[in-house]
There are 2 protein chains.
Amino acid sequence: MRIAVDAMGGDNAPKEIVKGCLRAAREFSDVTLVLYGKEEAIRNELSEDLPNIEIVHSEEVVKSDDDPVRSIRRKKESSMVKAAYSVKNGENHALFSAGNTGALLAAGTLIIGRMKGIDRPGLLATFPALSDKRAVFNMIDVGANADSKPLNINQYATLGTYYSKHVHGIDKPTVGLLNNGTEENKGNDLSKSSYALLKENDSIDFIGNVEARDLLDGVADVVVTDGFTGNAVLKTIEGTAISLMSVIKSAIMDNGIKAKLGGLMLKDSLKEVKDLLDYSKYGGAVLFGLKAPVIKTHGSATEEPVYHTIRQIREMLESSLLEDLISHFENQ
Amino acid sequence: MRIAVDAMGGDNAPKEIVKGCLRAAREFSDVTLVLYGKEEAIRNELSEDLPNIEIVHSEEVVKSDDDPVRSIRRKKESSMVKAAYSVKNGENHALFSAGNTGALLAAGTLIIGRMKGIDRPGLLATFPALSDKRAVFNMIDVGANADSKPLNINQYATLGTYYSKHVHGIDKPTVGLLNNGTEENKGNDLSKSSYALLKENDSIDFIGNVEARDLLDGVADVVVTDGFTGNAVLKTIEGTAISLMSVIKSAIMDNGIKAKLGGLMLKDSLKEVKDLLDYSKYGGAVLFGLKAPVIKTHGSATEEPVYHTIRQIREMLESSLLEDLISHFENQ
């Protein structure tokens, strides 16, 4: 399997992208990584020549503040656009970037194209569930589609179900609709109409409404919502975790020698908590519902998250995820 | 000033409600608390006879799973409905309940009524800001209006500004629109249209879009959003904080004697963190935009949050908040 990598995307490109690719290429001999970007800059970071790493030179770069659609249309020589075309043309099987999210969504939708039967792709992210109920849960859409419709949310449910089955090995994933109450009649117009569709969707195990308060407690395997709310929830989880950990750090540092000593003794435990929260080990966010996997990691991604994302893409390509989804939606 | 208290609302009613009222009545001799509910049950909890506590017997109770509008229309003899009518009739100046949120919203809107110039009231909640930028921030709407319109969001901005000025003493509160990116052109249809109105609102200091990730870092004094997203963000903050604290607790308990000892030494510091997160000390959520203050605390509220909420209502009544808002909207 061949993965097209936008080696110029993200704050730490190409250095950390190349390092993560090297680690993945060493471990997975069945994966060929095709790095798109400035050849010299990439070569400078390549500490080793591996048979399963290729470089395709591209002169331009899509910048983080570029207008998404315009940059995809105009920067034909950019690493992201050339990588996307290589997937469209069948030379490579998946697209990976840590660059401009909006541009990657546009490249995925406009260049690679939607899967038949999918109206709008959704962005799926995997989170740790901090309870004994389950290890992780997937939320879709976390930001591809700010104005999702009930039809989209219903398709996200099917996409998330297949993802949870194939990538996380969950036999019969439960699907919850994010809502402002658990009762069936709760919600805004969008969630009420979505509820009605989800109830009739026989390709999923719909468990009804779930509340944002219960997400990290692992209330469902798949949580569906519109891209605006999902994005707000994703960023609230991140922001709350970061603020809290920083407050705890201050409380340890500013409360005298006893607290400092206590903090020292708890160092391993707190590291454990931090690792638990670090969802980069589940890979990047999947722009889901396209003809090929398109994956986005954090712009700040370093070697480790890049490596995990490639591992995740490999899992997606190894399984029959896309084939099964294609045949599912073709038979609708 | 006279505050109508629904003594039967919430999981711990009437016991904790009465205890909180006792504490407030002792401290604030200028406040008279009028407790609505089953007289005998209330008297059983009243450990002391205070001149500024009155009881009005009411036979019925609005339950937490009652249909909001129906219960307000039918349960005329309930503590919540009788308390609401006492505010409508001018006998009392504010309404407080820890009961059924939907029913309280309905009682506020249908019985007490909207302020002139306000189309839909919004629910305002105060959160701690975990940075040096500011001590607290207010978010409105956190759930009164699942289908808020741009007009509503613009009114929330004005309401939040007056609240922040009068209750938190902020001279010129900044207002941010919760959005999925900080650039002006970001968002869904609703947030884009709201942005246009907020930009023209000269009664506020609008600083543009803010992201959920930066809320607890204190990005603005007032954050406005629709009631569906605001509710999801509120519950995500709660859920993330609870999950994280419980994971930290497990990490301390399950990592041997060193971690346990460390935890013991950090006990005060972690308590400090917990106190910082405890936003019940800022009072309850204000159903804002009505002719009189209507305040809701958590259904699980105990003595302490009840006391803080009465303190908050007193601050609202003592200041010229409502008068100023009424004159503002009358002059629009």
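Residues numbered from 1 in each chain as written. Chains lettered and ligands numbered in written order. Predicted model: local features only at pLDDT ≥ 70, side-chain atom pairs only at ≥ 80, totals over all residues. Heavy atoms only, no water.

As annotated in an unreviewed UniProt entry, chain A carries the name Phosphate acyltransferase and comes from Alkalibacterium pelagium. Annotation of chain A in UniProt includes, under Sequence similarities (unreviewed entry), the sentence "Belongs to the PlsX family." In its Subunit (unreviewed entry) section, the UniProt record describing chain A reads: "Homodimer. Probably interacts with PlsY." (UniProt positions renumbered as here; feature names shortened; annotations may be inferred.)

Novice: Please clarify how the overall build of chain A should be interpreted in this entry.
Specialist: Secondary structure summary: chain A contains twelve helices and eleven strands in total. Taking 332 residues into account, the globule formula puts the C-alpha radius of gyration at 20 Å, and chain A, at 20 Å, falls close to it. Along the longest, intermediate and shortest principal axes, the C-alpha atoms of chain A span 65 × 55 × 35 Å. The proportion of buried residues among the 332 residues of chain A is 59%. Taken as a whole, chain A presents about 13,400 Å² of accessible surface, with 48% of it coming from carbon and sulfur. Charge centroids of chain A, computed over 39 positive and 47 negative side chains, lie 3 Å from each other. (Helix = DSSP H or I, 4+ residues; strand = E, 2+ residues; numbered from the N terminus. Rg over C-alpha atoms; globule rule 2.2 N^0.38 Å. Buried < 20%, exposed > 50% of the residue type's maximum accessible area, 1.4 Å probe, protein only. Areas by Shrake-Rupley, 256 points an atom, 1.4 Å probe, with all protein chains shown as cover. Lys, Arg positive; Asp, Glu negative; His and termini not counted. Charge placed at Lys NZ, Arg CZ, Asp CG, Glu CD.)

Novice: Teacher, can you tell me more about the sheet that holds strand β6 (residues 136-140) of chain B here?
Specialist: Sheet strands pair by backbone hydrogen bonding; their relative direction is either parallel or antiparallel. All names here are of chain B. Taken in spatial order, the eleven strands line up as β3-β2-β1-β4-β11-β10-β5-β6-β9-β7-β8 in an open sheet, and their pairing is mixed. Each edge of the open sheet is held by one strand with a lone partner, namely β3 (53-57) and β8 (205-210). Mean inter-strand twist for the sheet, computed between neighbouring axes without regard to direction, equals 25°. Across five bridges, strand β5 (residues 122-128) lies against β6 in antiparallel orientation. Looking at the pairing, P128 lines up with V136 of β6. (Pairing = 2+ DSSP bridges. Axes fitted to C-alpha atoms, helices over the stretch in contact; angles between N-to-C directions.)

Novice: What am I meant to see in unusual backbone geometry here?
Specialist: Backbone geometry follows two general trends: most residues other than glycine have a negative phi, and most peptide bonds adopt the trans configuration. Following A:A13, the chain continues to A:P14 via a peptide bond in cis, the omega torsion being 0°. As for its position among the elements, A:P14 is in the loop between β1 (2-6) and α1 (15-27).

Novice: Quick question: what am I supposed to make of the sheet that holds strand β5 (residues 122-128) of chain A here?
Specialist: Residue and element names in this part refer to chain A. Taken in spatial order, the eleven strands make up an open sheet running β3-β2-β1-β4-β11-β10-β5-β6-β9-β7-β8, and their pairing is mixed. The open sheet terminates on both sides in strands that have one partner only, identified here as β3 (53-57) and β8 (205-210). Mean inter-strand twist for the sheet, computed between neighbouring axes without regard to direction, equals 25°. Here five bridges tie strand β7 (residues 174-178) to β8, and the two strands are oriented parallel to one another. Counterpart to T174 in the pairing with β8 is D205.

Novice: Please explain the relation of the copies chain B and chain A as it appears in this structure.
Specialist: Put simply, the second copy of the chain is the first one after a rotation about an axis and a shift along it. Between the two copies, chain B and chain A, the superposition gives an RMSD of 0.1 Å; the rotation angle is 180° and the shift along the axis is 0.0 Å. Both copies are brought into coincidence by an operation consistent with a two-fold rotation axis. Among all residues of chain B, the minimum C-alpha distance to the rotation axis is found for B:G262, at 1.9 Å. (Least-squares fit on C-alpha atoms with pLDDT ≥ 70 in both.)

Novice: Just checking my understanding: could you explain the packing of aromatic side chains for this structure?
Specialist: In this description, an aromatic ring pair is defined by two values, namely the gap between the centres and the angle between the planes. Evaluated as defined, the whole model comprises eight aromatic pairs over all chains. With 6.1 Å between their ring centres and 5° between their planes, A:F28 and A:Y307 make a pair best called stacked. Of this pair, A:F28 sits in the loop between α1 and β2 (32-37) while A:Y307 sits in helix α11 (residues 303-318), placing them 279 residues apart in sequence. Of the two residues, A:F28 and A:Y307, neither departs from the other in class, the shared state being buried. A ring pair is formed by B:Y163 and B:F288, whose centres lie 5.6 Å apart and whose planes are at 85°; its orientation type is edge-to-face. One end of the pair, B:Y163, is in helix α6 (residues 150-168); the other, B:F288, is in strand β10 (residues 285-288), with 125 residues separating them in the sequence. Accessibility expressed as a relative area gives 0% for B:Y163, which makes it buried. Here B:F288 falls in the buried class, since its relative accessible area comes to 2%. The ring of A:Y307 carries A:R23 above its face, with NZ or CZ at 3.7 Å from the centroid. (Phe/Tyr/Trp six-rings, centres within 6.5 Å; stacked < 30°, edge-to-face > 60°. Lys NZ or Arg CZ within 6 Å of the ring centre and 35° of its normal.)

Novice: What is the right way to look at the interface of chain B and chain A in this model?
Specialist: Reports of interface size often rely on the accessible area that becomes lost once the parts have come together. On the chain A side, the residues contacting the 51 residues of chain B number 51 residues. Here chain B meets chain A over a buried area of about 4,500 Å², counting both sides, of which 67% is carbon and sulfur. Looking only at chain B, the three residues that lose the most surface to chain A are B:R213, B:F228 and B:M265, adding up to 16% of its buried area. Put simply, chain B and chain A have four salt bridges between them. (Contact = heavy atoms within 4.5 Å. Buried area = accessible area lost by both parts, 1.4 Å probe. Salt bridge = Lys/Arg side-chain N within 4 Å of Asp/Glu carboxyl O.)

Novice: In this structure, what is going on with the nonpolar core? I would like to understand it.
Specialist: Here is a general trend for soluble globular proteins: nonpolar side chains tend to be buried in one another's company. One finds A:L95 and B:L95 to be the most contacted residues of the largest nonpolar core, which totals 114 residues. In this view, A:L95 contacts A:A4, A:A83, A:A84, A:V87, A:L104, A:I112, A:P293, A:V294 and A:I295; residues no more than four positions away in its chain are not counted. Counting 54 residues, the second-largest nonpolar core is a separate cluster that includes B:I42, B:L159, B:F288 and B:I310. (Core = buried A, V, L, I, M, F, W, Y, C linked by side-chain atoms within 4.5 Å.)

Novice: Explain the domain arrangement of chain A here, please?
Specialist: All names here are of chain A. Split into domains, chain A comes out as domain 1 (1-118 + 289-320) and domain 2 (121-283). Of note, the centres of domain 1 and domain 2, computed from C-alpha atoms alone, are 26 Å apart. Contact residues are listed per partner, giving 17 residues for domain 1 and 15 residues for domain 2. Both faces combined, the contact of domain 1 with domain 2 buries some 1,300 Å², and carbon together with sulfur accounts for 64% of it. The largest share of the area that domain 1 buries against domain 2 comes from L105, I118 and Q312, three residues that together contribute 31% of it. Linking domain 1 to domain 2 there are zero salt bridges. Between domain 1 and domain 2 we count four residue pairs in polar contact (both at pLDDT 80 or more) in total. Elements with a minimum of two residues in the side of domain 1 that touches domain 2: α5 (101-112) and α11. (Domains from an automatic or database assignment. Polar contact = N/O pair within 3.5 Å; in protein donor to acceptor, adjacent residues only side chain to side chain.)

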